[in-house]
Amino acid sequence: MRFYLYQINSKLGDMQGNSQKILSFAKDFGLDCCTLLPSLPLIGQPYDEISHVGGFLERIKKQELSCSAANILYESLESLHEFSKHNFLRYELSWKTCGDFTQQETLFTLNGLNIFAFHIQQNNFADFLAILPVPEKTDLVYFAAAHTFYDGFSVKELLSEFAQKHHKPVVYVNACGASDGTVFAGQSMLFDANGTLLLQLKPFCEDSAYFDFDGKTVTIQEKTEEKTLSADGLLFMGAKQALADYAQKTGIQKAVIGLSGGMDSALVAAIACEALGSENVTGILMPSQYSSKESLDDALNLAKNLGMSFHIIHITAIAKSFENALAQSFKRVPAIHGENDTTPENIQARTRGNLLTAFANHIGAMVIGTGNKSEAAMGYCTLYGDTVGALEPIADIYKSRVYAVAKWYNDKKGTEIIPHNVFVKAPTAELKPGQKDEDTLPPYPYLDAILYQLLEQGKAPEEIHEEHLTCDEIALIYHRLKTSEFKRKQCPFPVVLSSCPFGKRWNPSSSAKVF
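Residues numbered from 1 in each chain as written. Predicted model: local features only at pLDDT ≥ 70, side-chain atom pairs only at ≥ 80, totals over all residues. Heavy atoms only, no water.

Draft legend 1. Region of the structure containing the overall build of the protein. Broken down by element type, the protein carries 15 helices and 21 strands. Radius of gyration (C-alpha) of the protein: 26 Å, near the 24 Å computed for a compact globule of 515 residues. In terms of overall dimensions, the protein has C-alpha extents of about 85 × 55 × 50 Å along its principal axes. For the protein, the proportion of its 515 residues judged to be buried stands at 52%. (Helix = DSSP H or I, 4+ residues; strand = E, 2+ residues; numbered from the N terminus. Rg over C-alpha atoms; globule rule 2.2 N^0.38 Å. Buried < 20%, exposed > 50% of the residue type's maximum accessible area, 1.4 Å probe, protein only.)

Okay, here's the thing in structure tokens:
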């Protein structure tokens, strides 16, 4: 019997389109083949985000694959029950089949092979596997999954141990692609009864493979080994997949990015060009009187290296016109922070945000945000300025890690697409003379170490010790983290790449982790 793993990138809510993709994939397979799919392939994930949309319940009742010449085993959302008193929705999962399957309790039998297909019903995958009983008659264990990616994600050891424990071959088919900022890990796998990994599909993107199984021996196709991506490479590719899917699923194929000459905009531009094609990405350089020639040269070199188009729009006069319009009113109302008034700096940032959105509007494109996780944590950004955009690809990557991901990209390309000078110069917003990020923030390596312990590890500030920072400085970081939430609530949604992203899932207990 031949089994196909189809790691489909489903479009959320597009049951007809998803069904057509599956049937097209399996249309030439005979009855001696069976297609195995990720969790809820007809609906897509995360389905709870559309469960209140009109007609959703009716469409669920009709969701099934109609075919007679193919064997397909897939997970379905059978029904949805609403309890208005508690404002609670309960979903009932079931399995559906195309083909000549017979069902015996939790087993599906096809051509004499017993396939144990079980729902992953717990957030903690390790606990789920530990208590899952496998019927003795099982020939093959099949998990349909929708595990989201985060830095450090891996279920390989868990599945290998499970296969060894029950001495059964295990096939794990995981969802891929992205829906808004949620990125599904892909990396579907096949293990033999000894727990040996025989197949692993690509991360994030659609992929497929097949294996033959006679009830005793698993035989795989000849498949070129994919080079394992490093952790930094996975972050880049995850962000790329999220942006590519956002464009494809919304129909907005063009992107506009503000190029400052700094590392954040450089990495985002590289991600965008990889995801959308450099011909669909436009960089806007917006120098002011505080912008250095060095930054302008770096931005120009980056754009040329990436092969993207660019425009230069000088903002000094535009920002000054805002200041002149406000001058009389400001004379009557003193600045609340006196000489430390940042209003002129914010006017520059919002001028740039206005120009970016206007240019994107003009060419039918979306603005891509360039903020990172360290800046978002500290509120080191300007609302309606550098925070404009449809989504932020690196908003869940700490600043010090951004450099590592950029280095991975250059190494992968075998040349300095992102100019060397961008790596070595001090980060700066260039909103006033001689400005550096470290005038306002601790050095990023120290700041990021504190933020990681606060966020990903869930430590209290008094539990954290950093030799380069005092207890008062750590307490101030925590204070700024909390008081900057109002800014994050109004920022573009982040591509989720960590176990504790900002946004609707900002706390470790409700993160993307599966163990």
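Draft legend 2. How the structure looks around the pairing of strand β13 (residues 197-200). As paired elements, strand β12 (residues 189-191) and β13 share 3 bridges and run antiparallel to each other. For M189, the partnering residue across the bridge sits in β13 and is Q200. What sits between β12 and β13 in their antiparallel hairpin is a turn of 5 residues, with G195 showing a positive phi close to 85°. (Pairing = 2+ DSSP bridges.)

Draft legend 3. Broad picture of unusual backbone geometry. Cis rather than trans, the peptide bond between Q45 and P46 has omega equal to -5°. Along the chain, the position of P46 falls in the loop between β2 (33-36) and α2 (56-62). Non-glycine residue F204 carries a positive phi angle of around 75°. As for its position among the elements, F204 is in the loop between β13 and β14 (207-213).

Draft legend 4. Examining the confidence of the model for the protein more closely. Of the residues in the protein, 93% have a pLDDT of 70 or more, and the chain-wide mean is 91. Across residues 83-88 the pLDDT falls below 50, and counting only partners more than four positions away or on other chains, this stretch makes 4 contacts in the model. (pLDDT = per-residue confidence, 0-100. Contact = heavy atoms within 4.5 Å.)

Draft legend 5. The sheet that holds β13, seen in detail. Strand order in the open sheet made by the 7 strands is β5-β6-β7-β8-β9-β12-β13, with mixed pairing throughout. The open sheet has two edge strands, β5 (102-104) and β13, and neither has a second partner. Between one strand and the next, the sheet's axes are offset by a mean angle of 20°, whatever the strand orientation. Here strand β9 (residues 170-174) pairs with β12 via 3 bridges, running antiparallel. In the strand pairing of β12, Y172 is matched with M189. Sitting on the sheet, helix α4 (residues 156-166) touches β8 (140-145), β9, β12 and β13, and the angle it makes with β12 is about 30°. (Axes fitted to C-alpha atoms, helices over the stretch in contact; angles between N-to-C directions.)

Draft legend 6. Representation of empty space enclosed by the protein in the model. On inspection of all chains with the given rule, the structure shows 1 cavity of 30 Å³ or more. Space inside the largest cavity adds up to approximately 70 Å³. G371, N372, E375, A376, Y380, C381, D386, T387, E392, A395 and C491 together form the lining of the largest cavity. (1 Å grid on protein atoms, 1.4 Å probe; cavity = no way out; pocket = protein on both sides within 12 Å on 5 of 7 lines; lining within 4 Å. Points joined across faces, edges and corners; volume = space filled by probe spheres on them.)

Draft legend 7. Fine view of helix α9 (residues 343-363). Under the 1.5 Å per step criterion, the end-to-end length of α9 is 30 Å for 21 residues, consistent within 8% with the ideal 30 Å. Residues of α9 that are buried in the fold lie against β16 (255-258), β17 (281-285), β18 (309-312), α8 (316-332) and β19 (366-367). The first or second residue beyond α9 is G364, which carries a positive phi of 70°. (Expected span 1.5 Å × (residues − 1).)

Draft legend 8. Representation of the pattern of salt bridges. A full pass over the atoms with the stated rule returns 15 salt bridges. For D264, the salt bridge goes to K399, with nearest N and O atoms at 3.1 Å. Linking D264 in helix α6 (residues 263-276) with K399 in helix α11 (residues 399-413), this pair joins segments that are 135 residues apart in sequence. Take K399: its relative accessible area is 4%, and that puts it in the buried class. (Salt bridge = Lys/Arg side-chain N within 4 Å of Asp/Glu carboxyl O.)

Draft legend 9. Structural view of the pairing of β17. For β17, a buried count of 5 out of 5 residues is recorded, marking the element as mostly surrounded by other parts of the structure. Across 4 bridges, β16 lies against β17 in parallel orientation. Counted as the bridge partner of A255 is V281 from β17. With α6 bridging β16 and its parallel neighbour β17, the resulting β-α-β unit is right-handed. In terms of strand pairing, β17 meets β18 through 4 bridges, oriented parallel. Looking at the pairing, T282 lines up with S309 of β18. (Right-handed = clockwise from strand over helix to strand, strands pointing away.)

Draft legend 10. Focus on the packing of aromatic side chains. Throughout the structure, instances matching the rule amount to 18 aromatic pairs. Judged by centre distance (5.4 Å) and plane angle (50°), the ring pair of Y4 and Y210 falls under tilted. Of this pair, Y4 sits in strand β1 (residues 2-7) while Y210 is found in strand β14, placing the two residues 206 residues apart along the sequence. Exposure remark for Y210: the relative accessible area of 23% places this residue in the partly exposed category. Each ring, one from F236 and one from W408, has its centre 5.4 Å from the other, and the planes form 45°; the classification is tilted. You can see F236 sitting in helix α5 (residues 231-250) and its partner W408 sitting in helix α11, a full 172 residues away along the chain. Each member of the pair, F236 together with W408, is buried. An aromatic cluster of at least three residues, connected via ring pairs, comprises F116, F118, F125, F128, F143, F162 and Y172. Across the ring face of F502, the terminal group of K373 is positioned such that the distance to the ring centre comes to 5.9 Å. (Phe/Tyr/Trp six-rings, centres within 6.5 Å; stacked < 30°, edge-to-face > 60°. Lys NZ or Arg CZ within 6 Å of the ring centre and 35° of its normal.)

Draft legend 11. Fine view of α11. The first and last C-alpha atoms of α11 sit 22 Å apart over 15 residues, in line with the 21 Å expected at 1.5 Å per residue. Considered for burial, the residues of α11 that qualify are K399, V402, Y403, V405, A406, W408, Y409 and N410. Of the surrounding elements, those touching the buried residues of α11 are α5, α6, α7 (293-306), α10 (373-378), α12 (420-424) and α13 (444-455). Positive backbone phi, at 75°, marks G414, one or two positions downstream of α11.

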